[in-house]
Amino acid sequence: EDQVTQSPEALRLQEGESSSLNCSYTVSGLRGLFWYRQDPGKGPEFLFTLYSAGEEKEKERLKATLTKKESFLHITAPKPEDSATYLCAVTKAAGNKLTFGGGTRVLVKP
Amino acid sequence: NAGVTQTPKFRVLKTGQSMTLLCAQDMNHEYMYWYRQDPGMGLRLIHYSVGEGTTAKGEVPDGYNVSRLKKQNFLLGLESAAPSQTSVYFCASREIVRANYGYTFGSGTRLTVV
């Protein structure tokens, strides 16, 4: 059975304190791994797609990396506006659907 | 360009009542999806559609029905609402070709069944 697990469930950071979020997956035939950001009361907002092990993508203070078993979302020198829930999801080679992890709630204090 | 629009945004139902949630997208996307989001459970797929006139079951389809009569609209129906269907419902869409570019989500419908 396909499984996506995110850790930690919650993360409290001081402004400027860099950290990493983990997304581990067990999927046969991975087609893509997605990272989304979700603010309270809103829908998920697309951040990145990673296709193969070794790939990296960056956007402002966020950097996503992918290995054969997990992905990391690195937040460098976070600001309070980076506070959100970060969701990881995968899609399979033969599938049309996203399977999500439970998310990591990030709170950045000034 | 509105993207994905969900109506209503909030609704309170009594047990046994029925309702329909509407999702509309203006991006000419082929694929559309209905997810529910519950605390500690993440986003779970209810039903999806790969094109006009087609529907398929997702992970948690029981108690829901869907229809895709027009390409731009995807309806989610609850025939007899139960408290277990209290949740936040999200609609998403994507195009066929750029499948990995990202799914576009609506802003959600918060449903409470009492």
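Note that the structure is a prediction, hence the values are computed from the model and not measured. (Residues numbered from 1 in each chain as written. Chains lettered and ligands numbered in written order. Predicted model: local features only at pLDDT ≥ 70, side-chain atom pairs only at ≥ 80, totals over all residues. Heavy atoms only, no water.)

Caption draft 1: Structural detail: the state of the cysteines. Residue and element names in this part refer to chain A. Evaluated as defined, the whole model comprises two disulfides over all chains. Paired by a disulfide, Cys-23 and Cys-88 hold their sulfur atoms 1.9 Å apart. Around the S-S axis, the bridge from Cys-23 to Cys-88 shows a dihedral of about -60° and counts as left-handed. On the criterion of sequence distance, the pair formed by Cys-23 in strand β3 (residues 19–26) and Cys-88 in strand β9 (residues 84–92) is long-range, its members being 65 residues apart. Accessibility assignment for this pair places Cys-23 and Cys-88 in one class, buried. (Disulfide = S-S within 2.5 Å. Helix = DSSP H or I, 4+ residues; strand = E, 2+ residues; numbered from the N terminus. Buried < 20%, exposed > 50% of the residue type's maximum accessible area, 1.4 Å probe, protein only.)

Caption draft 2: Seen up close, the pattern of salt bridges. All chains considered together, the criterion is met by eight salt bridges over all chains. Across the pair Glu-56 of chain A and Lys-63 of chain A runs a salt bridge whose closest N-O atoms are separated by 3.3 Å. Several salt bridges share partner residues, and in doing so they unite Arg-36, Asp-38 and Arg-44 of chain B into one network. (Salt bridge = Lys/Arg side-chain N within 4 Å of Asp/Glu carboxyl O.)

Caption draft 3: Expanded view of the interface of chain A and chain B. Listed as interface residues are 20 residues of chain A and, on the opposing side, 19 residues of chain B. When the buried surface of chain A facing chain B is broken down by residue, Asn-96, Lys-97 and Phe-100 of chain A rank first, second and third, together holding 33% of it. In this assembly, chain A and chain B are joined by zero salt bridges. Where chain A packs against chain B, one counts three residue pairs in polar contact (both at pLDDT 80 or more). Broken down by secondary-structure element, the contributors of at least two residues to the side of chain A that touches chain B are β4 (30–38), β5 (45–50) and β9 of chain A. Counting residues per element, the side of chain A that touches chain B draws most heavily on β4 of chain A, which supplies five residues. Counted by class, the side of chain A that touches chain B contains eight nonpolar, nine polar and three charged residues. (Contact = heavy atoms within 4.5 Å. Buried area = accessible area lost by both parts, 1.4 Å probe. Polar contact = N/O pair within 3.5 Å; in protein donor to acceptor, adjacent residues only side chain to side chain. Nonpolar A, V, L, I, M, F, W, Y, C, P; charged D, E, K, R; others polar.)

Caption draft 4: How the structure looks around unusual backbone geometry. That bond from Ser-7 of chain A to Pro-8 of chain A is cis: its omega, -10°, falls within 30 degrees of zero. In this fold, Pro-8 of chain A is placed in the loop between β1 (3–7) and β2 (10–14). Residues Thr-7 of chain B and Pro-8 of chain B are joined by a peptide bond in cis, for which omega reads -5°. Tracing the backbone through its elements, the reader meets Pro-8 of chain B in the loop between β1 (4–7) and β2 (10–13).

Caption draft 5: Structural view of the nonpolar core. Counting residues in hydrophobic clusters, the biggest one holds 23 residues, and the most contacted among them are Leu-21, Leu-33, Trp-35, Leu-73, Tyr-86 and Val-106 of chain A. Of all elements in the fold, only β2, β3, β4, β5, β7 (62–66), β8 (70–75), β9 and β11 (104–109) of chain A reach the threshold of two or more residues within this core. Examining the composition of this core, we find that four residues originate from one element, β9 of chain A, more than from any other. Contacts of Tyr-86 of chain A, omitting those with residues within four sequence positions, involve Gln-6, Leu-21, Trp-35, Tyr-36, Arg-37, Leu-47, Leu-62, Leu-73, Ile-75, Gly-103, Thr-104 and Val-106 of chain A. Formed by 19 residues, the second largest nonpolar core is a distinct cluster that contains Met-19, Met-32, Phe-74 and Val-113 of chain B. (Core = buried A, V, L, I, M, F, W, Y, C linked by side-chain atoms within 4.5 Å.)

Everything listed here is a matter of geometry and, on its own, says nothing about what the molecule does.
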